[in-house]
Amino acid sequence: MVEKKKKKSTGKNINPIAVKVNHNKIEKTKKWQKYLLPGILLLTFIIYLPSLNNDFIINWDDAGYIHENEPIKKINSENIKIIFTQFYKGNYHPLTTLFYAVEYSLVGESPFLYHFNNLVFHLLNVLLLYIFIKKISGKTIVAAFCALFFGIHPMHVESVAWISERKDVLYTFFFFFSLIMYLKYLDNDSRKKWHYWLSIFLFILSLLSKSAAVSLPLVLLLIDYYYKRKLNIKTIIIEKIPYFILSIIFGLVAIASQNETGAIQNLTPLYSIFDRFFIVSYATLIYLIKFFLPVKLSAMYAYPQLINGHLPSEYYVAGIGLVLIIVLFIVFLRKNKNAVFGTLFFLSTIILVLQIIPVGGAILAERYTYVPYTGL
């Protein structure tokens with residue numbers, strides 16, 4: 001009787017050999033996975049190593065940001081005041097300029113340190129992206145794949161190998177860091193407020209590095225959606241008010257700085273609203289295509305010339321193609337949380353540079369994908 005009870009209580013027989021084999025597999029997988037991130041960082045470093053031999057691009061922004069930028073040539077209270085209170089070449093990114101000033105004080109107009117620091121920040125961004133994706137997905141392989149894609153994607157070369165794009169790698173560093181602190185704040189059930197305030201502080205540093213950081217509050221709302229947080233006054237209004245206020249302030253500052261140099265263009269005489277819809281559609285579709293097929297890259301993607309009052313045919317095809325993609329997405333993927341989060345991450349971080357408000361003389365730029373491709 002006793003033996004029967006013992007057998008009944010133990011349920012299914014467990015093979016101790018199978019358990020040991022399974023345990024060994026898990027241990028081997030863990031050992032293998034711990035080398036993923038160092039391997040990705042090493043590969044990224046090797047791929048970008050030639051950039052350390054690059055010079056300044058004197059005829060394209062580097063001269064203006066380094067050689068002709070008088071306030072960076074001597075660090076004192078007066079120049080620091082100028083850096084933080086004045087626009088320069090249609091931009092307001094004082095933290096980036098201050099970083100140039102520190103480098104200039106160390107090496108002057110020798111390019112190596114500038115390129116080296118760009119690469120260091122890119123590697124740090126790979127690390128932060130890995131942490132962010134692993135934290136939000138809970139999967140090491142997913143985080144490693146995203147980090148690898150981010151680290152070596154050809155569309156990101158412009159942001160890393162061009163000294164003038166320090167603002168890209170710098171704002172992204174604080175952007176990702178801020179997102180990670182927000183996730184830590186959520187993990188603690190909002191009890192440890194210092195993660196929340198640190199996230200806001202890092203957001204400010206990101207905004208001071210490049211105005212593109214204004215999209216961060218939208219990403220926070222997407223994180224709330226992904227975590228299935230209850231959308232109430234606390235989560236939507238009280239928590240996000242500081243972020244949105246900062247975004248509005250720095251957004252207005254960015255518009256003012258662009259207006260100062262006439263970078264915001266009035267395209268109405270050239271293109272109708274109808275034309276501009278197809279131009280924006282074309283830019284969006286090209287970004288999507290080059291994510292998967294990064295070929296025919298260019299430093300400048302100029303606005304199209306009208307032929308007999310019409311855009312080139314590929315622009316109309318792009319508009320139809322983008323609408324079709326949106327319809328297919330809504331039909332097949334609208335209930336997929338990962339697909340919704342990733343797609344909206346991409347759109348919310350790239351929408352400001354889709355030339356809905358025309359800025360500059362290009363319809364798209366490879367450097368604009370540095371953060372948005374994270375979503376894809």
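Just so we're clear, the structure is a prediction, and the values are computed from it rather than from any experiment. (Residues numbered from 1 in each chain as written. Predicted model: local features only at pLDDT ≥ 70, side-chain atom pairs only at ≥ 80, totals over all residues. Heavy atoms only, no water.)

(A) Expanded view of the nonpolar core. Core analysis: the largest hydrophobic core is formed by 58 residues, its most contacted members being Phe132, Phe175, Leu179, Ile223, Tyr243, Phe341 and Phe345. Every element with two or more residues in this core is listed here: helix 3 (36–48), helix 7 (112–137), helix 8 (140–152), helix 10 (166–187), helix 11 (193–209), helix 12 (216–226), helix 14 (241–260) and helix 17 (337–350). Sorting elements by how many residues they give to this core places helix 10 first, with 14 residues. When sequence neighbours within four positions are dropped, the list of residues in contact with Phe341 reads Phe132, Ile136, Leu222, Ile223, Tyr225 and Tyr226. Of all hydrophobic cores here, the second largest spans 25 residues; its members include Ile279, Leu285, Phe291 and Leu311. (Core = buried A, V, L, I, M, F, W, Y, C linked by side-chain atoms within 4.5 Å. Buried < 20%, exposed > 50% of the residue type's maximum accessible area, 1.4 Å probe, protein only. Helix = DSSP H or I, 4+ residues; strand = E, 2+ residues; numbered from the N terminus. Contact = heavy atoms within 4.5 Å.)

(B) Structural detail: a nonpolar patch on the surface. On the surface, Leu231, Ile233, Ile236, Ile237, Ile238, Ile241, Ile245 and Ile249 cluster together into a nonpolar patch covering about 750 Å² of accessible area. For the nonpolar patch, the secondary structure elements donating two or more residues are helix 13 (233–238) and helix 14. Element by element, the count of residues in the nonpolar patch is highest for helix 13, at four residues. The residue Ile238 is located in helix 13 in this model. (Patch = residues over 30% accessible without salt bridge, like charges linked within 9 Å, V, L, I, M, F, W, Y side chains within 5 Å. Areas by Shrake-Rupley, 256 points an atom, 1.4 Å probe, with all protein chains shown as cover. Salt bridge = Lys/Arg side-chain N within 4 Å of Asp/Glu carboxyl O.)

(C) Main features of the pattern of salt bridges. By the definition in use, this model includes 12 salt bridges. Between Glu70 and Lys73 there is a salt bridge whose closest N-O contact spans 3.3 Å. Between Arg166 and Glu103 there is a salt bridge whose closest N-O contact spans 2.9 Å. Of the two residues, Arg166 is situated in helix 10 and Glu103 in helix 6 (residues 94–107); the sequence distance between them amounts to 63 residues. In this structure, Arg166 and Glu103 share a single accessibility class: buried.

(D) Expanded view of the packing of aromatic side chains. Taken as a whole, this structure holds 32 aromatic pairs when the rule is applied. Measuring from ring centre to ring centre gives 5.9 Å for Phe173 and Phe177, while their planes differ by 75°; the resulting arrangement is edge-to-face. Of this pair, Phe173 and Phe177 both sit in helix 10, four residues apart, which is roughly one turn of the helix. For Phe173, a relative accessible area of 15% puts it in the buried group. When the centroid spacing of 5.9 Å and the interplanar angle of 45° are considered together, the rings of Tyr182 and Tyr185 count as tilted. Of this pair, Tyr182 and Tyr185 both sit in helix 10, separated by three residues, roughly a single helical turn. Residue classification places Tyr185 among the buried residues on the basis of a relative accessible area of 1%. (Phe/Tyr/Trp six-rings, centres within 6.5 Å; stacked < 30°, edge-to-face > 60°.)

(E) Representation of the packing of helix 10 against helix 11. Where helix 10 contacts helix 11, the axes come no closer than 8 Å and their chain directions differ by 165°. Considering the angle they form, helix 10 stands roughly antiparallel to helix 11. Both helix 10 and helix 11 take part in a crossing whose hand is left-handed. Residues Lys167, Leu170, Tyr171, Phe174, Phe175, Phe177, Ser178, Met181, Tyr182, Lys184 and Tyr185 of helix 10 pack against Lys193, His195, Tyr196, Leu198, Ser199, Leu202, Phe203, Leu205, Ser206 and Ser209 of helix 11. (Axes fitted to C-alpha atoms, helices over the stretch in contact; angles between N-to-C directions. Parallel < 35°, antiparallel > 145°, perpendicular 65-115°, else oblique. Left-handed = near helix turned anticlockwise from the far one by under 90°.)

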